[in-house]
Amino acid sequence: MADVRLLTEPFDPAAELSAFAAAYPEAGGIASFLGQVRAGGGVEALELRHYAPLTLPAMRALGVQVQGRWDLDGLLVIHRSGVMNPGDPIVLVAAASRHRRDAFAAADFAMDHLKSESWFWKREQANGQWRWVEPREQDFEDIARWQ
Amino acid sequence: MADVRLLTEPFDPAAELSAFAAAYPEAGGIASFLGQVRAGGGVEALELRHYAPLTLPAMRALGVQVQGRWDLDGLLVIHRSGVMNPGDPIVLVAAASRHRRDAFAAADFAMDHLKSESWFWKREQANGQWRWVEPREQDFEDIARWQ
Amino acid sequence: MATKLIFLGRLEDLAGRAEDEMSPKAPLDWKGILEWLGDWYSSDLVDAVDGHRVKIAVNGALVADKSGIVVGDGDEIAFLPPVSGG
Amino acid sequence: MATKLIFLGRLEDLAGRAEDEMSPKAPLDWKGILEWLGDWYSSDLVDAVDGHRVKIAVNGALVADKSGIVVGDGDEIAFLPPVSGG
């Protein structure tokens, strides 16, 4: 069963990963990806909005899809919503498996789908002004690799 | 500059990842892989031997190669030597980058090369008996993907 | 009871607010919704909402063909521009 | 000073030890090394060491062609079977 969470408050990725690794001692390997708000580039804050009736159910469906596609012992998906500052964690995905290739592919796939298909809208604050971020072409190319 | 370490004592992967993420706030993303001694399967302990004049220099050369191949802000490679128990961390690789694909590929590549080309010899203890582990065919297939 | 409207992402900027309510006398179809929006909001918002890039959810369920929806008292309609998550 | 021998991985089991020393009167070439090993160790070890899967390092440097090496006093020769790391 995947552990899928949508959080409106900060979380500690190291503590989450530590607990996840300890929960799957038979896994042998854990691949993970941590996305954090980039420092520099003039962005003062980042906000992710979600639409509650869609966002978490779709994240859970993604978790089921990933677990069906690869042979995993465990899957962790944590995504922030709300206002974040540079350096704050946004998203953490971790896949535990006996097989290194499965763990890497599952984490990679989950990230691509969270980036381009999840129900989040992002805006950035620079020079005190908030501006909505448009989808990136790269994200559509990333997800097309899996089809 | 890559942070490459060969350790003869246990390490805390969560603390290492936390420090690594904090060191690269401009990165945006960190892909990582943690290998730990598998629980179950009857293995009571695992030992990794190395040959000091070759092992760490080759790990450092791998770090240079990975940083030359992908656009990374930082690279962390920690590998244990010595006797370990089920659940103990063996290897931690983390790649920080502005680009998610680069971070994943760099961590994946580094793990494949650590597994099949690094100067480590592994033996396992089961039923009180130590037995050397032979190279796995899968590891050679994994590394061939990059050529 | 009214019908609740939710504007996500940059539609919030176009609408000037994240939520609104409408209380039509009778349930509205897609054409009626666009007309109601046209009375209260800019044509930029109406055009965006009517465009193929904006998806619609009614009562939390994504709609395959927005031209076929009807909303009335107690319903919630959400206007969902392209996502830009993570 | 002697020449130090290092047996890695399963060669340690074949040799019954991880390290040894030899003190030949004159520097030994590859053939001389194999002969010395044959005097003190099993033919299984000699065959393994001579096989193409076992690599050799002299004084910590990997050797491209082991048949060309010569070792003498103060040298260290390591016998490296296929790795099985991580």
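It should be emphasised that the depicted structure is a prediction, and the values quoted were computed from it without experimental measurement.

Criteria and cut-off values
Residues numbered from 1 in each chain as written. Chains lettered and ligands numbered in written order. Predicted model: local features only at pLDDT ≥ 70, side-chain atom pairs only at ≥ 80, totals over all residues. Heavy atoms only, no water. Helix = DSSP H or I, 4+ residues; strand = E, 2+ residues; numbered from the N terminus. Rg over C-alpha atoms; globule rule 2.2 N^0.38 Å. Buried < 20%, exposed > 50% of the residue type's maximum accessible area, 1.4 Å probe, protein only. Contact = heavy atoms within 4.5 Å. Buried area = accessible area lost by both parts, 1.4 Å probe. Salt bridge = Lys/Arg side-chain N within 4 Å of Asp/Glu carboxyl O. Axes fitted to C-alpha atoms, helices over the stretch in contact; angles between N-to-C directions. Parallel < 35°, antiparallel > 145°, perpendicular 65-115°, else oblique. Left-handed = near helix turned anticlockwise from the far one by under 90°. Nonpolar A, V, L, I, M, F, W, Y, C, P; charged D, E, K, R; others polar. Least-squares fit on C-alpha atoms with pLDDT ≥ 70 in both. Polar contact = N/O pair within 3.5 Å; in protein donor to acceptor, adjacent residues only side chain to side chain. Core = buried A, V, L, I, M, F, W, Y, C linked by side-chain atoms within 4.5 Å. Pairing = 2+ DSSP bridges.

Asker: Whenever I open this one, the overall build of chain C confuses me. Can you help?
Answerer: A count of helices and strands for chain C gives three helices and seven strands. Starting at the N terminus and ending at the C terminus, chain C contains elements arranged as β-α-β-β-α-α-β-β-β-β. Compactness check: chain C gives a C-alpha radius of gyration of 12 Å against a globular reference of 12 Å for 86 residues, within 12% of the reference. If one aligns the C-alpha atoms of chain C with their principal axes, the spans along those axes are about 40 × 25 × 20 Å. By the burial criterion, 50% of the 86 residues in chain C qualify as buried.

Asker: I would appreciate a short explanation of the interface of chain B and chain D in the present structure.
Answerer: Where the parts come together, the accessible area they lose is often given as the size of the interface. Every contact between the two is made by 20 residues of chain B and, on the other side, 20 residues of chain D. The contact between chain B and chain D buries some 1800 Å² in all, and 59% of this surface belongs to carbon and sulfur atoms. The tally of links from chain B across to chain D stands at two salt bridges. For the salt bridge of D:Glu12 with B:Arg49, the shortest nitrogen-to-oxygen distance reads 2.4 Å.

Asker: How do you make sense of the packing of helix α2 (residues 30-40) of chain C against helix α3 (residues 43-50) of chain C when you look at a structure like this?
Answerer: Residue and element names in this part refer to chain C. Viewed as axis vectors pointing N to C, α2 and α3 meet at an angle of 155°, and their least axial separation amounts to 9 Å. With respect to their mutual orientation, α2 and α3 come out roughly antiparallel. Between α2 and α3 the crossing geometry is right-handed. Across the interface between the two elements, Trp-30, Leu-34, Leu-37 and Gly-38 of α2 pack against Leu-45, Val-46, Val-49 and Asp-50 of α3. Looking at the contact of α2 with α3, its residues break down into six nonpolar, one polar and one charged.

Asker: Sorry, what's going on with unusual backbone geometry here?
Answerer: Only a minority of non-glycine residues have a phi that is not negative, and only a minority of peptide bonds are not trans. In this model, C:Asn59 sits at a positive phi of 50°, which is unusual for a non-glycine residue. Accessibility expressed as a relative area gives 46% for C:Asn59, which makes it partly exposed.

Asker: What should I look at first to understand the pattern of salt bridges in this one?
Answerer: Where side chains of opposite charge bring their charged atoms close, a pairing between them can arise. All names here are of chain B. Evaluation of the coordinates by the stated rule reveals 30 salt bridges over all chains. The shortest N-O distance in the salt bridge between Arg-123 and Glu-47 comes to 2.8 Å. Taken together, the residues Arg-123 in strand β7 (residues 120-126) and Glu-47 in strand β3 (residues 45-50) connect sequence positions 76 residues apart. Of the two residues examined, Arg-123 and Glu-47, each falls in the buried class.

Asker: Explanation requested: the relation of the copies chain A and chain B in the structure shown.
Answerer: The relation between the two chain copies is a rotation about an axis coupled with a shift along that axis. Here chain A sits on chain B after a turn of 180° about the axis and a move of 0.0 Å along it, with an RMSD of 0.0 Å. Look at the turn and shift together and you get a two-fold axis relating the two. Both copies contact each other with a shared surface, as 100% of the interface residues of chain A are interface residues in chain B too.

Asker: How do you make sense of the arrangement of the chains when you look at a structure like this?
Answerer: Looking across the three pairs of chains in contact, one finds the most contacts between chains A and B. Contact between chain A and chain D is absent, and the minimum C-alpha spacing across the pair is 10 Å.

Asker: Whenever I open this one, the interface of chain A and chain B confuses me. Can you help?
Answerer: Taken residue by residue, the interface counts 33 residues in chain A and 35 residues in chain B. For the chain A and chain B pair, buried surface summed over both sides reaches about 2900 Å², with 51% attributable to carbon and sulfur atoms. When the area that chain A buries against chain B is broken down by residue, the three leading residues are A:Arg38, A:Arg100 and A:Phe104, summing to 25%. Residue B:Asp112 is joined to A:Arg100 by a salt bridge in which the shortest nitrogen-to-oxygen separation is 2.6 Å. On inspection of chain A and its partner chain B, the count reaches 19 residue pairs in polar contact (both at pLDDT 80 or more).

Asker: How should the nonpolar core be read in this particular structure?
Answerer: Where a protein is soluble and globular, its nonpolar side chains tend to be buried together. Counting residues in each nonpolar core, the largest one holds 62 residues, and the members touching the most others are A:Val66 and B:Val66. With residues near it in sequence (within four places) discarded, A:Val66 still touches A:Leu72, A:Leu75, A:Ala106, A:Phe109 and A:Ala110. Grouped together as the second largest cluster of nonpolar side chains are 28 residues, A:Leu92, A:Ala94, A:Ala96 and B:Ala96 included.

Asker: Is there a simple way to explain the pairing of strand β7 (residues 120-126) of chain A in this structure?
Answerer: Put simply, side chains in a regular strand alternate between the two faces of the sheet. All names here are of chain A. The buried count for β7 comes to five of seven residues, which makes it a mostly enclosed element. Two elements, strand β3 (residues 45-50) and β7, share six bridges in a ladder whose sense is antiparallel. Pairing of Leu-46 across the sheet is with Glu-124, part of β7. Across four bridges, β7 lies against strand β8 (residues 129-132) in antiparallel orientation. Within β8, the residue paired with Ala-126 across the bridge is Gln-129. In textbook terms, the turn of a hairpin is the stretch between consecutive antiparallel strands, and for β7 and β8 this stretch comprises two residues, one of which, Asn-127, has a positive phi near 50°.

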